[in-house]
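Listed here are the chains, written in short residue letters.
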Amino acid sequence: MYRQTEIIKDSSEVSPGGGDLEEGGGAEFVINVGPQHPATHGVLHLVITLNGETIKKVEPHLGFIHRSIEKMCESLTYRQFIYVTSRMDYLSSHINNHGCALCVEKGLQVEIPPRAQVIRVIMDELTRIASHELWWGAMAMDLGAFTPFFHAFRERETINDIMEETCGARLTMNYMVPGGVMADIHPNFQKRVKDFIILFKSKVDEYDELVTGNVIFRNRMKGVGFLSKEDAISYGCTGPTARGSTASCDIRKLYPYEVYDKVEFEEILETGCDSFARYMVRIRELRQSIKIIEQLIDNIPEGDFQAKTKAVLKLPKGEFYSRVETARGEFGVYIVSEGGATPYRIRFRSPGFSNLSALDHMIRGGKIGDLIAAMGTLDLVIPDIDR
Amino acid sequence: MFIVKYIKEVWGAVRSLLKGMRMTGYYFTHHKEIITQQYPDNKAILNLPERFKGEVVMPHNENNEHACTGCTACELACPNGTIKVITKFEIMPDGKKKKAIDKLVYHLELCTMCNLCIIACPTDAIKMAQTFEHSVFDRNQLTKILNNPGSKIREGVE
């Protein structure tokens, strides 16, 4: 078993392997949660210091899936580096690509055709629904409920089919290019998305019935993993994690990009500040995403799907930053250009890392069973944290 | 009043569990709503969309002719070094030398199906195929030569 180098010691008496279970007994037990192996990608290794069942400290161990994506991007051109970002947060790969494309367009000063803007937003929202659904299934499975996972994947499969038809892939689509989207939407796209909306509206109610109202689920979620608004802001939490603590941080509202300022939707804020509030934010966001798609799907303007750009893209000398709202929070792209065809330096601000940093504060003093519940509501995607 | 609250809580808890069980019971009795397909058995109805990115292929016509001019646009567009174009000079009947491809080497093991080579190609010589069963026993079999042996460039493609 791995034993961390720095262990908090309350008293000199430390009995090996557990010992005194009473509160403040001074005995400590270090336990490793989560596997780590190069072949099992996307797993989180937590070193937990316990006193009995009470958590004294949670220390995430990162770096097992570090692929140096930021460094890799420096050797790729502005068209090529976008596909790599799908491998960071693979559940919202469309939105990651979107952020990168926006940053390059900002440097190039190109205007995106309105058709491409609307297609991009629809794709983003479909990705958000798919991501939240996977989270819903996986989180219920973390708590021991196996059925929701299948329910969630059944509807996610419909989105994957739509993506497959228009973008050509199910998970790492690489559909966004600087200046628009790679290809026009498939002729069946609008019809299939409308079918999906009708299907999905009834299924969200099913989700509520199956999990949200369940007494076991509610008791495990309410009052667990408390994160106040001040702490959420100071830890840099974004996305549903911060919005569950009433911290307003929706980039779509605060810094609207594409057509988000023309569509009607509300920023979901919950006042609970606990795991259940974070859960409710995501469930309510599903309905908001559907609302956005409903407004846009019949109003895709005619025109080009891609702005005309040069064969070799060269950004002017300077620094560029753009941000988008992924399913997990704020995703920022920072490009330093020296005027060449490849970026001088790229840095990504991923939401997962900041959200994970709040875990220790959130769960300290709680029980070990609640750790899994609180971690599930953070919606962590490990390749996003490590990059 | 404590007793009333207690009973209400218990009743609410039991009701929430029964609600969930009703959902389970519904799907237990409605077999037609189950959409799971067993993979190797469903091959006949497994139609992938035409845009699906499976692997890069070079279509040839019936005269064993392709449209690749050997411009290396795909090689430059590829982020991973998946494609390597090896060119040669062909002597035309009128004595002029013309650049043509000798081999277009495609490393499937490096490919991420990003589609950048396809949109970079000026003559639409390569396209994505809808195959997806790429498992082989030897890694060397993943390195493919896309142009057929003895193939030529199609007339009129510049």
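Residues numbered from 1 in each chain as written. Chains lettered and ligands numbered in written order. Predicted model: local features only at pLDDT ≥ 70, side-chain atom pairs only at ≥ 80, totals over all residues. Heavy atoms only, no water.

Draft legend 1. Structural context of the overall build of chain A. Within chain A, the regular secondary structure consists of 14 helices and eight strands. Within chain A, the proportion of its 387 residues that are buried is 58%. Taking contacts inside chain A between residues at least 6 apart in sequence as the whole, the part at least 24 apart equals 69%. When the accessible area of chain A is evaluated, it comes to approximately 15,500 Å², of which 53% is carbon and sulfur surface. A gap of 4 Å separates the mean positions of the 45 positive and 53 negative side-chain charges of chain A. (Helix = DSSP H or I, 4+ residues; strand = E, 2+ residues; numbered from the N terminus. Buried < 20%, exposed > 50% of the residue type's maximum accessible area, 1.4 Å probe, protein only. Contact = heavy atoms within 4.5 Å. Areas by Shrake-Rupley, 256 points an atom, 1.4 Å probe, with all protein chains shown as cover. Lys, Arg positive; Asp, Glu negative; His and termini not counted. Charge placed at Lys NZ, Arg CZ, Asp CG, Glu CD.)

Draft legend 2. Examining the pairing of strand β2 (residues 45-51) of chain A more closely. Residues and elements named next belong to chain A. Burial analysis of β2 places seven of its seven residues in the buried class, which makes it a mostly covered element. By the alternation rule, side chains of β2 split into H45, V47, T49 and N51 and L46, I48 and L50, which are all buried. In this sheet, β2 lies alongside strand β1 (residues 29-33) in antiparallel orientation, the contact comprising five bridges. Of the residues in β2, the one forming a bridge with V30 is T49. (Pairing = 2+ DSSP bridges.)

Draft legend 3. Expanded view of the pattern of salt bridges. Residue and element names in this part refer to chain A. Taken as a whole and assessed by the stated rule, the structure comprises 35 salt bridges over all chains. A salt bridge links E258 to R120; the shortest N-O distance between them is 2.9 Å. Residue E258 is located in the loop between α9 (251-254) and α10 (275-297), and its partner R120 is located in helix α3 (residues 114-142); the two are separated by 138 residues in the primary sequence. The salt bridge involving E270 is made with R284; its shortest N-O contact spans 2.7 Å. (Salt bridge = Lys/Arg side-chain N within 4 Å of Asp/Glu carboxyl O.)

Draft legend 4. Expanded view of the interface of chain B and chain A. Between chain B and chain A, the residue contacts involve 25 residues of the former and 28 residues of the latter. For the pair chain B and chain A, the two sides together bury roughly 2,200 Å², of which 58% comes from carbon and sulfur. Where chain B meets chain A, there are zero salt bridges. Put simply, the parts of the chain that give the side of chain B that touches chain A at least two residues each are α1 (2-29), α2 (73-77) and α3 (116-120) of chain B. Top contributing element to the side of chain B that touches chain A by residue count: α1(B), with eight residues. Classifying every residue of the side of chain B that touches chain A gives 15 nonpolar, five polar and five charged. (Buried area = accessible area lost by both parts, 1.4 Å probe. Nonpolar A, V, L, I, M, F, W, Y, C, P; charged D, E, K, R; others polar.)

Draft legend 5. Just the domain arrangement of chain B, in detail. What the domain assignment reports for chain B is domain 1 (2-36) and domain 2 (55-153). Using C-alpha coordinates to define each centre, domain 1 of chain B is positioned 58 Å away from domain 2 of chain B. (Domains from an automatic or database assignment.)

Draft legend 6. Representation of the environment of G236(A) within the structure. All names here are of chain A. The residue G236 is located in the loop between α7 (229-234) and α8 (240-243) in this model. A residue is classified by how much of its surface remains accessible, and G236, at 24% relative accessible area, is partly exposed. Residues G236 and Y175 lie 61 residues apart in sequence; the distance between their C-alpha atoms is 30 Å. Aside from chain neighbours lying at most four places away, what touches G236 is R349 and S354.

Draft legend 7. Looking closely at the domain arrangement of chain A. All names here are of chain A. Split by domain assignment, chain A resolves into domain 1 (1-63) and domain 2 (69-386). Here the C-alpha centre of domain 2 lies 33 Å away from the C-alpha centre of domain 1. Counting residues at the interface gives 16 residues for domain 1, matched by 17 residues for domain 2. Counting each side, the surface lost to burial between domain 1 and domain 2 is near 1,400 Å², with a carbon and sulfur contribution of 73%. Viewed at the interface, domain 2 and domain 1 are joined by six residue pairs in polar contact (both at pLDDT 80 or more). If you list the elements that add at least two residues to the side of domain 1 that touches domain 2, you get β2 and β3 (54-61). Tallying contributions element by element places β3 first for the side of domain 1 that touches domain 2, with six residues. Residue composition of the side of domain 1 that touches domain 2, grouped by class: ten nonpolar, three polar and three charged. (Polar contact = N/O pair within 3.5 Å; in protein donor to acceptor, adjacent residues only side chain to side chain.)

Draft legend 8. Broad picture of the layout of surface pockets. Here the largest pocket defines a volume of roughly 1,200 Å³. Among the secondary structure elements, those contributing two or more residues to the lining of the largest pocket are α4 (147-167) of chain A together with α1 of chain B. For the lining of the largest pocket, the per-class residue count stands at 14 nonpolar, nine polar and eight charged. (1 Å grid on protein atoms, 1.4 Å probe; cavity = no way out; pocket = protein on both sides within 12 Å on 5 of 7 lines; lining within 4 Å. Points joined across faces, edges and corners; volume = space filled by probe spheres on them.)

Draft legend 9. Quick look at the sheet that holds strand β4 (residues 97-107) of chain B. Residues and elements named next belong to chain B. Across the sheet, three strands lie side by side as β3-β4-β6; this open sheet has antiparallel pairing. Either end of the sheet is taken by a strand with one partner, and the two such strands are β3 (83-91) and β6 (143-145). Direction aside, neighbouring strands of the sheet carry axes that sit 25° apart on average. As defined by bridge partners, β3 adjoins β4 across nine bridges and the pair is classed as antiparallel. Counterpart to T87 in the pairing with β4 is I101. (Axes fitted to C-alpha atoms, helices over the stretch in contact; angles between N-to-C directions.)

Draft legend 10. Layout of the side chain of R128(A). Residues and elements named next belong to chain A. Following the sequence through the fold, R128 ends up in helix α3. Within polar-contact distance, the side chain of R128 engages the backbone oxygen of E325 at 3.2 Å. Residues contacting R128, with those up to four places away along its chain left out, are I95, R252, Y260, E285, S289, E325, T326 and A327.

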